[in-house]
Amino acid sequence: MSVEAGRTPGQTHRTSYDAETHARLTADSDAIVARYPQARSALLPMLHLVQSEDGYVSPRGIAFCASHLGLTTAEVSAVATFYTQYKRHPNGDYTVGVCINTLCAVMGGDAIWEELSDCLGVGHDETTDDGRITLERIECNAACDYAPVVMVNWEFFDNQTPDSAREIVDTISAGNPVVPTRGADTVVSFKEMSRVLAGFGDGRANEGVGGGVPTLRGIELARAEGWKAPPLQASGTAAPAGGEPKVGGEQSSAQRPATTSGDVSPAGEQKKQTSGEAKES
Ligand code: FES
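Residues numbered from 1 in each chain as written. Predicted model: local features only at pLDDT ≥ 70, side-chain atom pairs only at ≥ 80, totals over all residues.

**Q** Explain the overall build of the chain residue by residue, including any values.
**A** Within the chain, the secondary structure is distributed over 10 helices and five strands. Each of the 281 residues in the chain was classed as buried or not, and the buried ones make up 28%. (Helix = DSSP H or I, 4+ residues; strand = E, 2+ residues; numbered from the N terminus. Buried ≥ 20, exposed ≤ 12 C-beta atoms within 10 Å, placed from the backbone.)

**Q** How would you summarise the nonpolar core if you had to cite specific residues and measurements?
**A** Formed by 28 residues in total, the largest nonpolar core has its most connected members in V96, L116, V149, V150 and V169. Secondary-structure elements contributing two or more residues to this core are strand 1 (94-99), helix 5 (102-120), strand 3 (133-138), strand 4 (150-152), strand 5 (155-157), helix 6 (162-173) and helix 7 (190-197). Looking at this core element by element, the count peaks at five residues for helix 5. Beyond its immediate stretch of four places on either side in the chain, V169 contacts V96, L116, C119, L120 and I133. (Core = buried A, V, L, I, M, F, W, Y, C linked by C-beta atoms within 7 Å. Contact = placed C-beta atoms within 7 Å.)

**Q** Could you give me a rundown of the pairing of strand 1, with the residues and numbers involved?
**A** Summarising burial for strand 1: six of the six residues are buried, a large majority. Neither face of strand 1 is open: one carries Y94, V96 and V98, the other T95, G97 and C99, and all of them are buried. One ladder, built from six bridges, connects strand 1 with strand 3; its direction is parallel. From the neighbouring strand, C99 faces strand 3, where its bridge partner is I138. When strand 1 meets strand 4, the two strands line up antiparallel, connected through three bridges. Each residue of the ladder has a partner; that of G97, found in strand 4, is M151. (Pairing = 2+ DSSP bridges.)

**Q** Can you break down helix 7 residue by residue, with the values?
**A** Listing the buried residues of helix 7 in full gives F190, M193, S194 and R195. Positive phi appears at G199, one or two residues downstream of helix 7, with a value of about 105°.

**Q** Residue-level account of the environment of M46, with values.
**A** With respect to the helices and strands, M46 occurs in helix 2 (residues 43-54). When the C-alpha positions of M46 and G199 are compared, they lie 9.2 Å apart, and in sequence the two are 153 residues distant. With residues near it in sequence (within four places) discarded, M46 still touches S29, I32 and C65.

**Q** I'd love a proper account of the sheet that holds strand 3, names of residues and values included.
**A** Taking strand neighbours across the sheet as the criterion, the five strands line up as 2-3-1-4-5 in an open arrangement whose pairing is mixed. Each of the sheet's edge strands pairs with one partner strand only, and the pair in question is strand 2 (126-127) and strand 5. For strand 2 and strand 3, the ladder comprises two bridges, and the chain directions are antiparallel. When the sheet's bridge partners are listed, E126 is paired in strand 3 with L135.

**Q** I'd love a proper account of the packing of helix 2 against helix 7, names of residues and values included.
**A** Between two packed helices, what matters for the description is the angle formed by their axes and the separation of those axes. Where helix 2 contacts helix 7, the two axes come as close as 7 Å, and the packing angle between them is 160°. As judged from the angle between their axes, helix 2 and helix 7 are roughly antiparallel. Seen along the crossing, helix 2 lies across helix 7 with a hand that is left-handed. The residues of helix 7 that touch helix 2, namely those facing H48, Q51 and S52, are K191, S194, R195 and L197. Here the contact of helix 2 with helix 7 is built from residues that sort into one nonpolar, four polar and two charged. (Axes fitted to C-alpha atoms, helices over the stretch in contact; angles between N-to-C directions. Parallel < 35°, antiparallel > 145°, perpendicular 65-115°, else oblique. Left-handed = near helix turned anticlockwise from the far one by under 90°. Nonpolar A, V, L, I, M, F, W, Y, C, P; charged D, E, K, R; others polar.)

**Q** Describe unusual backbone geometry, naming the residues involved and giving the relevant values.
**A** Residue P148 is bonded to the preceding A147 through a cis peptide linkage, with omega at 0°. In this fold, P148 is placed in the loop between strand 3 and strand 4. Non-glycine residue A142 carries a positive phi angle of around 55°. Tracing the chain through its elements places A142 in the loop between strand 3 and strand 4. Here A142 falls in the exposed class, since 7 other C-beta atoms lie within 10 Å of it. A positive phi is found at W154, a non-glycine position, where the angle reads about 75°. Looking at the secondary structure, you find W154 in the loop between strand 4 and strand 5.

**Q** An account of helix 5 is requested, with residue identities and associated values reported.
**A** Between its first and last C-alpha atoms helix 5 spans 24 Å; for 19 residues at 1.5 Å apiece the expected length is 27 Å, and the helix comes up short by more than 12%. Where helix 5 bends most, at G108, the angle is about 70°. Immediately beyond the C-terminal end of helix 5, within one or two residues, lies G121, with a positive phi of roughly 70°. (Expected span 1.5 Å × (residues − 1). Bend = angle between axes of the 7 residues up to and from the residue.)

**Q** Residue-level account of the packing of helix 1 (residues 19-33) against helix 2, with values.
**A** The interhelical angle for the contact between helix 1 and helix 2, taken along N-to-C directions, is 155°, at an axis separation of 10 Å. For the element pair helix 1 / helix 2, the angle class is roughly antiparallel. Classified by chirality, the crossing of helix 2 by helix 1 is right-handed. Of the residues in helix 2, those touching helix 1 at T21, L25, D28, S29 and I32 are P45, M46, L49 and E53. Taken together, the residues of the contact of helix 1 with helix 2 sort by class into five nonpolar, two polar and two charged.

Here you go:
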């Protein structure tokens, strides 16, 4: 079992990028930063960009993000360690995630986890010796209608069994492509997927099946029954059944001290929105 595929114990981290890589990452980062009103808002996609280069959020990647965004390395690390999609050590070519949240677990997710952990010989967040697969227990991926689900680099494999999940990892281990139930036609590598998550499309967004029958069941039923969503208020939220919440009352955000005109009256909120729209136009 190797936890840090691609780096042996005791081997030091490389602390900077060569000039060509640095120039390429800088150009990509400039494109990411340009999407946001404030540079620091670009940190999450930039961490994916670093993963697309190094296969994890490396120390040099943290230093690069900090210097590009005017942050400290401690601030970047604090964000990188909060989200499980950011890896703290070199990841395998494919992250195989088994959902072990309640619905998937009772539908067979726990049995799938046992099967994959046994056959791969690794535990949670560990990577096989050949560097192909990092196995993870994952939380609900909002695909409960297809429970139990397995994710491979964030592509869905629905309605799995221990045998079908075993077939997926055997196929990956043999170096062959795997085909998700929904999404793109095949699953790209962890580094390639990380670049997509950084916001650089790979032209495959329209491949494969989107929403399936179980996912669309609710909207089909609503259409058949003529159900409609309640009308929106000016603030963009649904009007409560009993009218406006009383200031300071249950479900009222005005339980905190008012800091803007929008906190004290819907008219103030309306005025704020109108002036915001005027600024944008
Ligand atoms: S519980 Fe597994 S996708 Fe929701």
